[in-house]
Amino acid sequence: MIPRQYTNDVLPGGEVSLAGWVAGIRDLGNIKFFLLRDREGLLQVTAKKGVAPAGMLEAIQALGREDVVRVAGKAVASTQAPRGVELIPGQLEVLVKAAAPLPIDIGDKIESNLDKRLDHRVLDLRNPRNLAIFKVQARLVEGMQLELARQGFLQVFTPALMGAPSESGADVFPVFYFNREVYLRQDPQLHRQLLIAGGFDRLYDLGPSWRAEHSNTTRHLCEHRGIAPEMTLTDEGDTMRLEEDVVVAGITRVKEHCAAELDLLGVKVQVPEKPFPELRFPAVNAILAKMGKDLPRGEDLDRESEKLLAEHVKKKYEADFFFVNRFPFKVKPFYVMRDGEWARSVDMIYKGTELSSGGQREHRYDRIIQQITEKKMAPDSLQWFTEPFKYGVPPHGGFCIGIERFTMKLLDIENVREAVLFPRTPERCLP
């Protein structure tokens, strides 16, 4: 198979054959231009009267925006063209004509509102800025996976269908499964723990989870993806050290491989220093009180609290990433490790937004049953999960980093919907 050529491969002096979409056309009479766009960028194609083959100027004049074409010719240096190179065409073939007018503008400036763009998401994704977001996201995930592999973690694939809710039944999506009702998973959490019980020691899952929350905010999705390690450990400090390593590796990978994309998006990325600052309850309540926020003891952080703590950390530590540890047990799920009033439960916050939740799990069978009862859940419905803990499960813990939120905050995107290819929200399940 002949290697595929892309626009960023083109250098002056070479013979080139490319395929892509017509991104724009200019007519200067005796000179006609069009921009060819593919996955890697733009290339100017220039035909001059008296130089171009017969019929070439007429063929270019007949092109429309988003026509799919194949063009071959010679690349030459040009100070007027993007990247300093243009293509002098010898052959031009229209593979597919695009309908006109286009339903949305997909030029350099995104003028259509987000809802309309998402209605026509396929066209919207052709915008180089949108493509750049997902190139960054791919490298971000790649960097995190490489670090997990380096530290001996095995990638696994846990079920997306569950016979019972893993936390509560209020925010699950029911699915008809043969003759009974099951649920889309809220989190791969419990099956990761079962794999620890099965002797896997260090593993991670990478995939989607679902939450049936009526949250129409710029931070929430009904379907989101996470990278979720689980491991045997000493205490929740081990999960924080691993999470720092994973975050630093992901951002470093982006910096090393996405310079062009970051430049296009106008974003400067900074690799954080380790260790990340750690705040703990109940000291968190005192910090917030000094900032004018009354958070009653035993209550969970709200959005305002996360933002205020981020301001505190930025001012005191000059850091964008930090951990909040030892949450009130009453606001956390049954499977967390309890330490009196508090839980060994850790959130990671980045630029004022929670990116992950994790920490140490409860591994003792009697304590798990006790905590299920305290949370007013039915022990029988969770027997499939709790039964293996009778037979010796080591101390363990982990976390799940939301990929879309991480991308959104890293690139300073205002709405998380722009960091997912086809967002699923309370009002949207198409395209």
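The notes below deal with the structure included here. (Residues numbered from 1 in each chain as written. Predicted model: local features only at pLDDT ≥ 70, side-chain atom pairs only at ≥ 80, totals over all residues. Heavy atoms only, no water.)

A separate point is the layout of surface pockets. Taken as a whole, the largest pocket spans an internal volume of roughly 1,100 Å³. Considering the residues around the largest pocket, the lining is formed by 40 residues, among which Arg211, Glu213, Glu354, Ser357 and Arg405 are closest to the centre. Mapped onto the lining of the largest pocket, the elements with two or more residues apiece are helix H5 (189-197), helix H9 (303-317), strand E16 (345-350), strand E17 (353-360), strand E18 (396-402) and helix H12 (403-410). In terms of residue class, the lining of the largest pocket is built from 11 nonpolar, 11 polar and 18 charged. Counted as a void, the second largest pocket has a volume near 690 Å³. If you go around the second largest pocket, you meet 28 residues; those closest to its centre are Asp38, Arg39, Glu40, Gly41 and Pro128. (1 Å grid on protein atoms, 1.4 Å probe; cavity = no way out; pocket = protein on both sides within 12 Å on 5 of 7 lines; lining within 4 Å. Points joined across faces, edges and corners; volume = space filled by probe spheres on them. Helix = DSSP H or I, 4+ residues; strand = E, 2+ residues; numbered from the N terminus. Nonpolar A, V, L, I, M, F, W, Y, C, P; charged D, E, K, R; others polar.)

Across the sheet, 3 strands lie side by side as E7-E9-E8; this open sheet has antiparallel pairing. The strands lining the two open edges of the sheet, one partner per strand, are strand E7 (161-162) and strand E8 (174-177). Note: E8 against strand E9 (residues 180-184), 4 bridges, orientation antiparallel. From the neighbouring strand, Pro174 faces E9, where its bridge partner is Tyr183. (Pairing = 2+ DSSP bridges.)

Turning next to the sheet that holds strand E1 (residues 15-27). Strand order in this closed barrel of 5 strands is E1-E2-E3-E5-E4, and the pairing throughout is mixed. Neighbour-to-neighbour, the strand axes of the sheet open up by a mean angle of 50°, direction not taken into account. Taken together, the 7 bridges between E1 and strand E4 (residues 68-77) define a ladder with antiparallel strand orientation. Bridging across to E4, Glu15 finds its partner in Lys74. (Axes fitted to C-alpha atoms, helices over the stretch in contact; angles between N-to-C directions.)

This part takes up H12. With 8 of 8 residues buried, H12 lies mostly within the body of the structure. Taken together, the buried positions of H12 are Ile403, Glu404, Arg405, Phe406, Thr407, Met408, Lys409 and Leu410. Looking one or two residues beyond H12, the residue adopting positive phi is Asp412, at roughly 55°. (Buried < 20%, exposed > 50% of the residue type's maximum accessible area, 1.4 Å probe, protein only.)

This next bit is on the pairing of strand E13 (residues 321-325). For E13, a buried count of 5 out of 5 residues is recorded, marking the element as mostly surrounded by other parts of the structure. The alternating pattern of E13 places Phe321, Phe323 and Asn325 on one face and Phe322 and Val324 on the opposite face, and all of these are buried. Strand direction decides the pairing type here: strand E12 (residues 278-280) and E13, joined by 3 bridges, are parallel. Residue pairing in the sheet places Arg280 in a bridge with Asn325 of E13. Where E13 and E16 come together, 4 bridges link them in antiparallel fashion. Following the sheet pairing, Phe322 is matched in E16 by Ile349.

Axis angle and axis distance: for two packed helices, these are the angle between their axes and the distance between the axes, and together they describe the pair. Axis separation between helix H4 (residues 128-150) and helix H6 (residues 236-257) bottoms out at 7 Å; the angle between their running directions is 135°. When the interaxial angle is binned, H4 and H6 end up oblique. Seen along the crossing, H4 lies across H6 with a hand that is right-handed. Residues Val136, Arg139, Leu140, Glu142, Gly143, Met144, Leu146, Glu147 and Leu148 of H4 form the contact with H6, whose own contacting residues are Leu242, Asp245, Val246, Ala249, Gly250, Ile251, Arg253, Val254 and His257. In the contact of H4 with H6, the residues fall into 10 nonpolar, 3 polar and 5 charged. (Parallel < 35°, antiparallel > 145°, perpendicular 65-115°, else oblique. Left-handed = near helix turned anticlockwise from the far one by under 90°. Contact = heavy atoms within 4.5 Å.)

These figures capture arrangement, not role.
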